[in-house]
Amino acid sequence: MSGEHAHLPPGVEVITTLPQATAGIPADAEARTIRVTLQPGDPGAPPHRHPGPLFGYVTQGEILFELEGQPPRVLKAGDALFEPGGDVIHYQGANNLPDAQSQLVVTMFAPPGSPVLTVVGAEELAERRHLRFSSQP
């Protein structure tokens, strides 16, 4: 634990700190807190992007999470996540459990009135496929 968090009251715990997370926050952004609940096996939203960065926490279950340029990973209850928003494609946010609900809560920073997400079309996905993580050499 860093010195800045050494004197927190009992029961208060800093889970994750991202020093440069605010760099992508649009001017005059509003903060939005969003809960995403995924039923068993739910694939989540199709590939999309967000208008600004978001920071969140898995509150229940397991989420299969994949951002452009990063390998897919499973986030379990208690794990934190960060997404820079903007031009980065969010490929997967699926419930990784076939028999239980999963849930996450995120705070997004976005221009007022902007959509929470914008689905990316097949043509753009094809144009950017070289940016998606691949375990192939």
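Look above for the structure.
Residues numbered from 1 in each chain as written. Predicted model: local features only at pLDDT ≥ 70, side-chain atom pairs only at ≥ 80, totals over all residues. Heavy atoms only, no water.

**Student:** Pulling in residues and values, what's your account of the nonpolar core?
**Tutor:** Core analysis: the largest hydrophobic core is formed by 13 residues, its most contacted members being Val58, Ile63, Phe65, Leu81, Leu104 and Val106. At the level of elements, strand 1 (30-38), strand 3 (54-60), strand 4 (62-67) and strand 8 (102-110) are the ones that each hand at least two residues to this core. Among the elements that take part in this core, strand 8 stands out by supplying four residues, more than any other. Phe65 has contacts with Pro71, Pro72, Arg73, Leu75, Leu81, Phe82, Glu83, His90 and Gln92, leaving out every residue within four places of it along the chain. (Core = buried A, V, L, I, M, F, W, Y, C linked by side-chain atoms within 4.5 Å. Buried < 20%, exposed > 50% of the residue type's maximum accessible area, 1.4 Å probe, protein only. Helix = DSSP H or I, 4+ residues; strand = E, 2+ residues; numbered from the N terminus. Contact = heavy atoms within 4.5 Å.)

**Student:** Tell me about the side chain of His90, residues and numbers included.
**Tutor:** With respect to the helices, strands and loops of the structure, His90 is situated in strand 7 (residues 90-95). Among the polar contacts listed, one links the side chain of His90 to the backbone oxygen of Gln92, at a separation of 2.7 Å. In contact with His90, not counting residues within four places along its chain, are Pro46, Pro47, His48, His50, Phe65, Glu66, Leu67 and Glu83. (Polar contact = N/O pair within 3.5 Å; in protein donor to acceptor, adjacent residues only side chain to side chain.)

**Student:** Which residues make up the pattern of salt bridges, and what values do they have?
**Tutor:** Under the criterion given, the structure shown has eight salt bridges. Residues Arg132 and Glu66 are paired through a salt bridge, measuring 2.8 Å at the closest nitrogen-oxygen approach. Within this pair, whereas Arg132 is found in the segment after helix 1 (122-127), its partner Glu66 is found in strand 4, the two being separated by 66 residues in sequence. A relative accessible area of 35% places Arg132 in the partly exposed class. In this structure, Arg128 and Glu124 form a salt bridge, with 3.8 Å as the shortest nitrogen-oxygen distance. A relative accessible area of 12% means that Arg128 is categorised as buried. You can call Glu124 partly exposed: its relative accessible area is 24%. Residues joined in a network through salt bridges with shared partners are Arg49, Glu68, Asp87, Glu124 and Arg128. (Salt bridge = Lys/Arg side-chain N within 4 Å of Asp/Glu carboxyl O.)

**Student:** Please give an account of the pairing of strand 8 that cites residues and values.
**Tutor:** In this sheet, strand 8 lies alongside strand 1 in antiparallel orientation, the contact comprising nine bridges. In the sheet register, Glu30 faces strand 8, and the bridge partner there is Ala110. Looking at chain direction, strand 3 and strand 8 are connected through six bridges and run antiparallel. Residue pairing in the sheet places Gly56 in a bridge with Val106 of strand 8. (Pairing = 2+ DSSP bridges.)

**Student:** Go over the pairing of strand 5 (residues 73-76) with me, naming the residues and quoting the values.
**Tutor:** Summarising the sheet, strand 4 and strand 5 pair through four bridges and their orientation is antiparallel. For Leu64, the partnering residue across the bridge sits in strand 5 and is Val74.

**Student:** Talk me through the environment of Ala45; I want residue IDs and the actual numbers.
**Tutor:** Secondary-structure assignment places Ala45 in the loop between strand 1 and strand 2 (48-49). Counting along the chain gives 17 residues from Ala45 to Asp28, while the straight-line C-alpha distance between them is 27 Å.

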